[in-house]
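What follows is each chain in one-letter form.
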Amino acid sequence: MKITFLGAAKTVTGSCYLVEAAGCRFFVDCGLFQGNSKEVLLNKEPFPINPADLDFVLLTHAHIDHSGRIPKLYKDGFGGTIYSTNATKDLCGIMLPDSGYIQESEAEWLNRKRKRAGKHPVEPVYTYQDALDCLKLFEGIKYGADTELKNGIHFRFRNGGHILGASIIELWIPDEGREVKVVFSGDLGNNGIPIMKDPETIDSADYLLIESTYADRVHKDKNHETERFVNIINETLEKGGNVIIPSFAVGRTQEVIYELNKHKERYSANITEMLFKTPVIIDSPLAISATQVFRNNLECFDEEATEYLRNGDNPLDFPGLVFTRTADESKALNTVKESMIIISASGMCEAGRIKHHLKHNLWRPESTILFVGYQAEGTLGRRLLDGAKKVKIFGEEINVMARIEMIEGLSGHADKEGLFEWIDAFKKKPSKIYIVHGEKKTMSEFALEINAKYGIPAVVPGRGDICSTGAEKSFEKAAPSKPLAAYKKAVITELLENIKESLDSTGEELRDEISGEEMAEYADMVITGLRDMKKMIERFRTVSSGQVKKSRRTR
Ligand SMILES: [Zn+2]
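Residues numbered from 1 in each chain as written. Predicted model: local features only at pLDDT ≥ 70, side-chain atom pairs only at ≥ 80, totals over all residues.

Our focus in this paragraph is the overall build of the protein. Counting its secondary structure elements, the protein contains 17 helices and 22 strands. Residues classed as buried in the protein amount to 40% of the 555 residues present. Within the protein, contacts between residues separated by at least 24 positions form 72% of all contacts whose residues are at least 6 apart in sequence. (Helix = DSSP H or I, 4+ residues; strand = E, 2+ residues; numbered from the N terminus. Buried ≥ 20, exposed ≤ 12 C-beta atoms within 10 Å, placed from the backbone. Contact = placed C-beta atoms within 7 Å.)

A345 connects to S346 through a cis peptide bond whose omega is 5°. When you line up the elements, S346 lands in the loop between β15 (341-344) and α12 (354-361). Of note in this structure, N151 is not a glycine but carries a positive phi near 50°. Along the chain, N151 falls in the loop between β7 (147-148) and β8 (154-159). Note on N151: 12 C-beta atoms within 10 Å, which makes it exposed.

The next thing to look at is the pairing of strand β5 (residues 81-85). Burial of β5 is extensive: 4 of the 5 residues sit out of reach of the surface. Pairing of strand β4 (residues 56-58) with β5 involves 3 bridges; the strand directions are parallel. Directly across from V57, in β5, lies its bridge partner I82. In the sheet, β5 pairs with strand β6 (residues 138-141) via 4 bridges, with the strands oriented parallel. Bridged to S84 within β6 is G140. (Pairing = 2+ DSSP bridges.)

For strand β11 (residues 207-211), the tally of buried residues reaches 5 of 5 residues, placing the bulk of the element in the interior. Every second residue of β11 is oriented toward a common face, with Y207, L209 and E211 on one face and L208 and I210 on the other, all of them buried. In terms of strand pairing, strand β10 (residues 178-184) meets β11 through 3 bridges, oriented parallel. From the neighbouring strand, V183 faces β11, where its bridge partner is L208. Judged from the 5 bridges that link them, β11 and strand β20 (residues 432-436) form a sheet pairing that is parallel. Within β20, the residue paired with L208 across the bridge is I433.

Our next topic: helix α6 (residues 222-238). The terminal C-alpha atoms of α6 lie 25 Å apart, and with 17 residues this matches the ideal 24 Å at 1.5 Å per residue to within 8%. Within α6, burial applies to F229, I233, T236 and L237. Around the axis of α6, the buried residues are gathered within 105° of arc, so they sit on the same side. Among the exposed residues of α6, those pointing more than 90 degrees away from its buried face are N223, H224, N231 and E238. (Expected span 1.5 Å × (residues − 1). Arc of directions from axis to C-beta.)

Let's shift gears to the sheet that holds strand β14 (residues 321-323). In spatial order, the strands read β14-β13-β15-β12-β16-β19; together these 6 strands make up an open sheet with parallel pairing. Edge positions in the sheet fall to β14 and β19 (403-406), since each has one partner strand and no second. Neighbouring strand axes in the sheet, compared pairwise and without regard to direction, differ in orientation by 20° on average. In terms of strand pairing, strand β13 (residues 280-283) meets β14 through 3 bridges, oriented parallel. Within β14, the residue paired with V280 across the bridge is L321. Where α6 meets the sheet, its contacts fall on β12 (243-246), β15, β16 (368-371) and β19, and the angle it forms with β16 comes to roughly 165°. Along the sheet, α12 contacts β12, β15 and β16; its crossing angle with β12, the most-contacted strand, is approximately 150°. (Axes fitted to C-alpha atoms, helices over the stretch in contact; angles between N-to-C directions.)

With that settled, the discussion passes to the nonpolar core. Note on soluble globular proteins: their nonpolar side chains tend to be buried together. Judged by nonpolar contacts, the single largest core of 124 residues is most densely connected at Y17, L91 and I435. Broken down by element, the residue count for this core peaks at 6 residues, all from helix α4 (residues 86-116). Each of domain 1 (2-217 + 412-468) and domain 2 (223-406) contributes no fewer than three residues to this core. (Core = buried A, V, L, I, M, F, W, Y, C linked by C-beta atoms within 7 Å. Domains from an automatic or database assignment.)

In structure tokens, the structure reads:
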């Protein structure tokens, strides 16, 4: 058996693992790279294996960084089955076409610029239609069902507690006369988050691939945080302001609706009265569709949410909850005088309708911007959290006078304690642990801690690294060659790689600095220069590693 790490290797996004075993080849996850511009470029690269040669795909959950390259896989020739839970299949039904739409819009925007510069147009990574078409390959499988694949390989989805439909995968593979068990943690949820069941524990594994998004922190007390959540909302409403909640369309938005519903029932009359009178607006078409998928998959809910349902109350609905689908409805919100709670995407304030709401509320001291999720470095959300006094939105400088708050209790990822509790629960511990889906520094520290605590070898694989069951080769670097020459090449390649990385960041910084039409020509010149240098490095790398560039397959 051989596993090649193709994504979420020393990075958070782009989850994708190639498994080759028992005469089969398949992917576990096929996610989009979403980090900086250098990572995003990886989405355009051809897959390292002809997609038509893959037997099937196992998908842990619907988040785009795990599912978002499936339409590309299909476009490039994959025709096998994609196994996921039923809820993941339903969520992909709305999220992948949405992603296709974004890919097309981005290419369109880029092509308008390229046309002006007399350059050839670029193609989107995939289209809305590709995304719609690939949905026919999905097959929904129930949690806990032992499912036979091919040549004796079988698997089981267990509840990952991360978002609706999220799963941990237990995979059994016949290997040199024995059966090897590999566990993919997928993204692991927190214990006790709203709506979702807690992540299931797993009894045994030979190999474990575990996520590490929050492996370096301990979340704040959840009960305290939800209380703070309600207090902040009430204080804002008392002052006559709006509460603006930037939120990811799938998962976090539904948790916020759920919390609001709960508090409308739990708190004293004078508080709930104000909450009841205040409309709660879900201003994101994707969030609206996703909320419908949640409502259709009630069997995934935890005990508390199920109890609401048993009592005839839909925990994702309450009087005063309003959905705005069209852009006109959304814009009309900015003319309303009365207080509102507006939940809108994107969660990090980089795009989407949230930017309009920020523009109309950031300057108002009575309003509050209430963050409920992770804000990556470099995003508008992070700048606001870091205390920016002025920000630019749609080219207009806005004074930040609103109250800025962050609630941590709703995070969809297990923290360090949660991850260790989950590993503790293995009765037969894995003989090797691979740390994936995290930031480099966090991962290395987590690996050391695992090793110190359990004495289990824990490694942080890079992109292209391989895990195999051959006796001496349980972990090998991709494409090894003659020792000394290989070592020298590795040193040079590493050096060039570092130069290339700094060229990338220089390019990004310049792009931020150089804006405006009058500088466009100059910017193009500099960026072309940087690109040429990068090309030279690429060429050296290709020649030195003896690789021949594979031609891109299209159908
Ligand atoms: Zn996820």
